[in-house]
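Structural description and commentary
Here are the chains, one letter per residue:
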Amino acid sequence: MIADVIVVGAGPTGLMLANELALAGVSTVVLDRLPERTGQSKALNLQPRSAQILDLRGMLNPLLEQAVDTIPAGHFAGIPLDYTPWNERQIGIPQARIENYLEDRLTERGVPVLRGHEVTDVEQDEQGVTLKAGQTFHGRYLVACDGGRSTIRKLLEVPFPGRDGRMSALVADVTLTQERSSEWRLPSFDRPGGGGMVDVLPLQNGVYRALIAGPEQQTIDRDAPITLDEVRHAVPDVREIRWASRFTDASRQVERYRYGRVLFAGDAAHIHTPTGGQGLNLGLQDAFNLGWKLAAALHGNTTVLDTYHDERHPAGAAVLANTRAQGVLLIPDDDIAALRDILSDLLRIPEANRHLAGLISGLDIHYDLPGEHPLVGHRMPHLDSSVLHSGRPVVLELGDVPRHGGVQHPRGDIDVDTLLVRPDGYVGWVDDGFETLDTALTRWGAPQGKARGSGAGR
Ligand SMILES: Cc1cc2nc3c(=O)[nH]c(=O)nc-3n(C[C@H](O)[C@H](O)[C@H](O)COP(=O)(O)OP(=O)(O)OC[C@H]3O[C@@H](n4cnc5c(N)ncnc54)[C@H](O)[C@@H]3O)c2cc1C
């Protein structure tokens, strides 16, 4: 089978990427080794930056309809963070619902998601990639979205530097002998004591998520089955386990997100402890950064693809750093408890809250792009999301006299007359004399001389 792009892995990262590629008209096939979806959800949330990018493609509202709740808050190792300074909310929604939605959209677009196709071999040359997954597949590019234990990474012997886990924990979706409050909330481990941390969060329909990192989890083999006794030891009123999984705070990241015609995204590129609720979000954002660039590369842009590594590797490294710091704050130790108390006090200072909330929510992510104006590399503020539904860059005209044939946009407090907004909502150019619009259009994927309204694109 032949496709422009072969996406390996139908988790949230692979499905998001395939949606972006389909929008750009790139022939794509998604392969997954599982014969069917498990219906299980590791992640339970969309951070505000993920919500913003989904909105840019008209995908947010359908997902909000399936949300458990939304709250203007996040947490750092269980210490509450306030998102109200941004006027943004975190969305409580199980991972399985996000995956179902993204896969349904692919089905509507006629993109094949081939299940029961485990990749066992991969080769690449200057023209493309060939891989074996039951049958042989040829593509011009391959994107490894095959999770933390990525087969593609191993087959290509791509280094995955970092460290192994130092602590072990488990999550178990359980029913209880007695119902508890059903109000959706974030994990809170106010003061991990000598017994380790335990929290029970309501999901829906009488199911709760138990998060357990006690002393006994530290000595049990990572692959050992999770028993009712082990869970009841921490949460005595558990009636039944519906699903359970162990995890560690292992922290690793590939050195390059691109190896020739193979790119890495999501957990295949980075792993870290789930604390703070960022992993799925990071993967969605990798995919959103990569999709339009791959499309542009397939249309002949020879430089844009390397900006994927340049922009997303630092974003991943920042999450690895903050999750490592969170891991320390969860160590059951009196000295660390004192540190948590001090940090909790500091986070009452608005600027301190803003800084950490910006990290965890993804709202402070910006890229180091060519240009001197402070907006370049930052998300375009107050953007009418519909102008990017097509997935193409757009030129916005803020002045009274349109000068570049773009889309009229309210000025707000912006001090330039024209901006180029990339398909991912980031400002790629402003008319401050640093360089010409044509240079920027060429860099971000659009051939010169095309129409510059919504869809100034490929
Ligand atoms: C306990 C736990 C709780 C978490 N909670 C949160 C949270 O609250 N918020 C958050 O943002 N993140 C959370 N995460 C992280 C989040 O679940 C992951 O970051 C996310 O699933 C990564 O998505 P992905 O698509 O990159 O990889 P995956 O979801 O791992 O998907 C990879 C896919 O690749 C397929 N695959 C693997 N190997 C092959 C092969 N050889 N051939 C073909 N297919 C293959 C797999 O079957 C799978 O479908 C949590 C993680 C854990 C472990």
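Residues numbered from 1 in each chain as written. Predicted model: local features only at pLDDT ≥ 70, side-chain atom pairs only at ≥ 80, totals over all residues. Heavy atoms only, no water.

The chain goes by 2-polyprenyl-6-methoxyphenol hydroxylase-like FAD-dependent oxidoreductase in an unreviewed UniProt entry, where it is assigned to Actinoallomurus bryophytorum.

Attention now goes to the overall build of the chain. Helices and strands together make up the secondary structure of the chain, namely 12 helices and 24 strands. Here the C-alpha atoms of the chain give a radius of gyration of 23 Å, agreeing with the 23 Å that 2.2 N^0.38 yields for 458 residues. The principal-axis extent of the C-alpha atoms belonging to the chain is close to 70 × 55 × 40 Å. Looking at the chain as a whole, 56% of its 458 residues are labelled buried. (Helix = DSSP H or I, 4+ residues; strand = E, 2+ residues; numbered from the N terminus. Rg over C-alpha atoms; globule rule 2.2 N^0.38 Å. Buried < 20%, exposed > 50% of the residue type's maximum accessible area, 1.4 Å probe, protein only.)

Around the ligand, a shell composed of 32 residues is seen, among which T13, D32, N45, T151 and D267 lie nearest. One of the side-chain nitrogen or oxygen atoms of T13 is found 2.8 Å away from an oxygen atom of the ligand. The separation between an oxygen atom of the ligand and a polar main-chain atom of L44 is 3.4 Å. Each residue belonging to the shell around the ligand can be placed in one class, and the counts come to 13 nonpolar, 13 polar and 6 charged. (Near = heavy atom within 4 Å. Polar contact = N/O pair within 3.5 Å; in protein donor to acceptor, adjacent residues only side chain to side chain. Nonpolar A, V, L, I, M, F, W, Y, C, P; charged D, E, K, R; others polar.)

Read across the sheet, 3 strands follow the order β3-β7-β4 without closing on themselves; strand pairing throughout is antiparallel. Lying at the two open borders of the sheet, with one neighbouring strand each, are β3 (45-46) and β4 (69-71). Two strands pair when backbone bridges link them, and β4 and strand β7 (residues 90-92) are joined in this way by 3 bridges, in the antiparallel orientation. Note on β7: the bridge partner recorded for T70 is I91. (Pairing = 2+ DSSP bridges.)

What follows deals with helix α10 (residues 334-346). With 13 residues, α10 should reach 18 Å at 1.5 Å per residue; the first-to-last C-alpha distance of 19 Å fits that figure. Buried residues of α10: I336, A337, R340 and L343, and no others. Down the axis of α10, the smallest arc covering the buried residues is 120°, so these residues share one side. Opposite the buried face of α10, by more than 90 degrees, sit the exposed residues D334, D335 and I342. Contacts from the buried residues of α10 go to β5 (73-76), β6 (79-82) and α9 (306-329). (Expected span 1.5 Å × (residues − 1). Arc of directions from axis to C-beta. Contact = heavy atoms within 4.5 Å.)

A pair of packed helices can be characterised by two numbers: the angle between their axes and the separation between those axes. Helix α4 (residues 95-109) packs onto helix α1 (residues 12-23) with a crossing angle of 30° between their chain directions and a minimal axis gap of 9 Å. One finds that α1 runs roughly parallel with respect to α4. For the pair α1 and α4, the crossing hand works out as left-handed. The residues of α4 that touch α1, namely those facing P12, L15, M16, A18, N19, A22 and L23, are Q95, E99, L102, E103, R105, L106 and R109. Within the contact of α1 with α4, the residues separate by chemical class into 8 nonpolar, 2 polar and 4 charged. (Axes fitted to C-alpha atoms, helices over the stretch in contact; angles between N-to-C directions. Parallel < 35°, antiparallel > 145°, perpendicular 65-115°, else oblique. Left-handed = near helix turned anticlockwise from the far one by under 90°.)

By convention here, two paired aromatic rings are described through the distance between centres and the angle between planes. As enumerated under the stated definition, the model contains 4 aromatic pairs in all. A centroid spacing of 5.6 Å and a plane angle of 50° characterise the contact between Y257 and Y308, whose relative ring orientation is tilted. Highlighted residues: Y257 in the loop between β17 (251-253) and β18 (258-259) and Y308 in helix α9, separated in sequence by 51 residues. The pair formed by Y257 and Y308 is uniform in burial state, with each residue classed as buried. Residue placement shows R261 over the ring face of Y141; its charged tip is 4.6 Å from the ring centre. In this structure, R422 is placed above the aromatic ring of W444, and the distance from its NZ or CZ to the ring centre is 4.5 Å. (Phe/Tyr/Trp six-rings, centres within 6.5 Å; stacked < 30°, edge-to-face > 60°. Lys NZ or Arg CZ within 6 Å of the ring centre and 35° of its normal.)

Among the structural elements, T248 can be located in strand β16 (residues 238-248). What makes T248 buried here is its relative accessible area of 17%. At 3.0 Å, the side chain of T248 forms a polar contact with the backbone nitrogen of A250. Those residues within four positions of T248 in sequence are excluded, and the remaining contacts are G165, M167, S168, R222, T273 and P274.

Before going further, it helps to spend a moment on the sheet that holds β17. The 3 strands lie next to each other as β12-β17-β20, forming an open sheet whose pairing is antiparallel. Each of the sheet's edge strands pairs with one partner strand only, and the pair in question is β12 (162-163) and β20 (270-271). Direction of pairing for β17 relative to β20: antiparallel, over a ladder of 2 bridges. When the bridges of β20 are listed, R252 appears paired with I271. Relative to the sheet, α9 contacts β12, β17 and β20, its axis offset from that of β17 by approximately 175°.

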